Amino acid sequence: EVQLVESGGGLVQPGGSLRLSCAASGFTFSTYTMNWVRQAPGKGLEWVSYISTTSSTIYYADSVKGRFTISRDNAKNSLYLQMNSLRDEDTAVYYCARGGRGWYVDYWGQGTLVTVSS
Amino acid sequence: QSALTQPASVSGSPGQSITISCTGTSSDVGGYNYVSWYQQHPGKAPKLMIYDVSNRPSGLSNRFSGSKSGSTASLTISGLQAEDEADYYCSSYTSSSTVVVFGGGTKLTVL
């Protein structure tokens, strides 16, 4: 069974940093692309970042470019999102999401809440 | 404002069929067959319903179907059931620097 378990969310002040982690199991992690997708309270889904299987290709949404860094450790079956210079508008549930064999997500984690507030 | 345009809400009675539209541009929906649809119940993670415009994941009910005409994609749910009541989001690959865009979501109410 595919499982994606996020951790690292919490309350942080504007301008602060946070590192999210996603532990993957139930599939061969190194053969799948991965994504982070977020959802602000009461709002829709927003794609945040994509990383290829070998980390050779990485994309970011314009809203986080230059502030967030996605990475993965295939030996540890883990995905990460380093978030710096956090803003109020970054407040959201952040989902770890496995890429399908194309431009879609086939499995989602349960999400971790990040709250940016003073 | 979302890159893809969806109606805010749709409704239907049990047994009926409904269609949710997702309108983009030639840079996303109209230019590529990479449209996907997700169902999200309150407080839950999204679930993949359709990928690559019209493909269903293994095990998913054939009551759900997808199509595309020009820059507008559609999700059709036939034989509406109470458990279909949820939010539905479309998504597409885009040639812009963003790479992936979502619609604003559509709330489906089963009357």
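Since the model is a prediction, treat every value here as computed from it, not as a measurement. (Residues numbered from 1 in each chain as written. Chains lettered and ligands numbered in written order. Predicted model: local features only at pLDDT ≥ 70, side-chain atom pairs only at ≥ 80, totals over all residues. Heavy atoms only, no water.)

**Q** Describe the sheet that holds strand 2 (residues 18-23) of chain B, with residues and values.
**A** Residue and element names in this part refer to chain B. Strand order in this open sheet of three strands is 2-6-5, and the pairing throughout is antiparallel. Lying at the two open borders of the sheet, with one neighbouring strand each, are strand 2 and strand 5 (64-69). Strand-to-strand twist of the sheet, defined as the mean angle between neighbouring strand axes without regard to direction, takes the value 20 degrees. Summarising the sheet, strand 5 and strand 6 (residues 72-77) pair through six bridges and their orientation is antiparallel. (Pairing = 2+ DSSP bridges. Helix = DSSP H or I, 4+ residues; strand = E, 2+ residues; numbered from the N terminus. Axes fitted to C-alpha atoms, helices over the stretch in contact; angles between N-to-C directions.)

**Q** Any details on the sheet that holds strand 8 (residues 78-83) of chain A? Residues and values, ideally.
**A** Residue and element names in this part refer to chain A. Read from one edge of the open sheet, four strands run 1-3-8-7, paired in antiparallel fashion. Of all strands in the sheet, those bounded by a partner on one side alone are strand 1 (3-7) and strand 7 (68-73). Adjacent strand axes in the sheet meet at a mean angle of 15 degrees, parallel and antiparallel pairs treated alike. As judged from the six bridges shared by strand 7 and strand 8, these two strands associate in the antiparallel manner. Looking at strand 8, one finds that Phe 68 is bridged to Met 83.

**Q** Pulling in residues and values, what's your account of the state of the cysteines?
**A** Residue and element names in this part refer to chain A. If you walk through the whole model with that rule in mind, you get two disulfides over all chains. Here Cys 22 connects covalently by a disulfide to Cys 96, the sulfurs 2.1 Å from one another. Residues Cys 22 and Cys 96 are joined by a disulfide whose S-S torsion is about -70 degrees; by sign, that bridge is left-handed. A residue pair is termed long-range when its members are at least 10 positions apart, and Cys 22 in strand 3 (residues 18-25) and Cys 96 in strand 9 (residues 92-99) qualify at 74 residues. Across this residue pair, the class does not change: Cys 22 and Cys 96 are buried. (Disulfide = S-S within 2.5 Å. Buried < 20%, exposed > 50% of the residue type's maximum accessible area, 1.4 Å probe, protein only.)

**Q** Which residues make up the interface of chain B and chain A, and what are the values?
**A** At the interface, 18 residues of chain B touch 19 residues of chain A. For the pair chain B and chain A, the two sides together bury roughly 1,600 Å², of which 65% comes from carbon and sulfur. Taken together, the connections running from chain B to chain A amount to zero salt bridges. There are five residue pairs in polar contact (both at pLDDT 80 or more) connecting chain B and chain A. Where the side of chain B that touches chain A is concerned, the elements lending two or more residues are strand 3 (35-40), strand 7 (86-93) and strand 8 (100-102) of chain B. Of the residues forming the side of chain B that touches chain A, the biggest block, three residues, is contributed by strand 3 of chain B. A class-by-class count of the residues in the side of chain B that touches chain A yields eleven nonpolar, five polar and two charged. (Contact = heavy atoms within 4.5 Å. Buried area = accessible area lost by both parts, 1.4 Å probe. Salt bridge = Lys/Arg side-chain N within 4 Å of Asp/Glu carboxyl O. Polar contact = N/O pair within 3.5 Å; in protein donor to acceptor, adjacent residues only side chain to side chain. Nonpolar A, V, L, I, M, F, W, Y, C, P; charged D, E, K, R; others polar.)

**Q** Go over the packing of aromatic side chains with me, naming the residues and quoting the values.
**A** Enumeration according to the criterion identifies 13 aromatic pairs over all chains in this entry. Aromatic side chains Tyr95(A) and Trp108(A) sit 5.8 Å apart centroid to centroid with 85 degrees between the ring planes, which places their arrangement in the edge-to-face category. With Tyr95(A) in strand 9 and Trp108(A) in strand 10 (residues 105-108), the pair connects residues that are 13 residues apart, well separated along the chain. Considering the side-chain rings of Tyr32(B) and Tyr34(B), the 6.4 Å spacing of their centres and the 10 degrees angle between planes classify their relative orientation as stacked. Three or more aromatic residues link up through ring pairs in this structure, and these residues are Tyr50(A), Tyr59(A), Trp103(A), Tyr32(B), Tyr34(B) and Tyr93(B). In this structure, Arg98(A) is placed above the aromatic ring of Tyr32(A), and the distance from its NZ or CZ to the ring centre is 3.7 Å. Note that Arg101(A) overlies the ring of Tyr32(A), its terminal NZ or CZ placed 4.0 Å from the centroid. (Phe/Tyr/Trp six-rings, centres within 6.5 Å; stacked < 30°, edge-to-face > 60°. Lys NZ or Arg CZ within 6 Å of the ring centre and 35° of its normal.)

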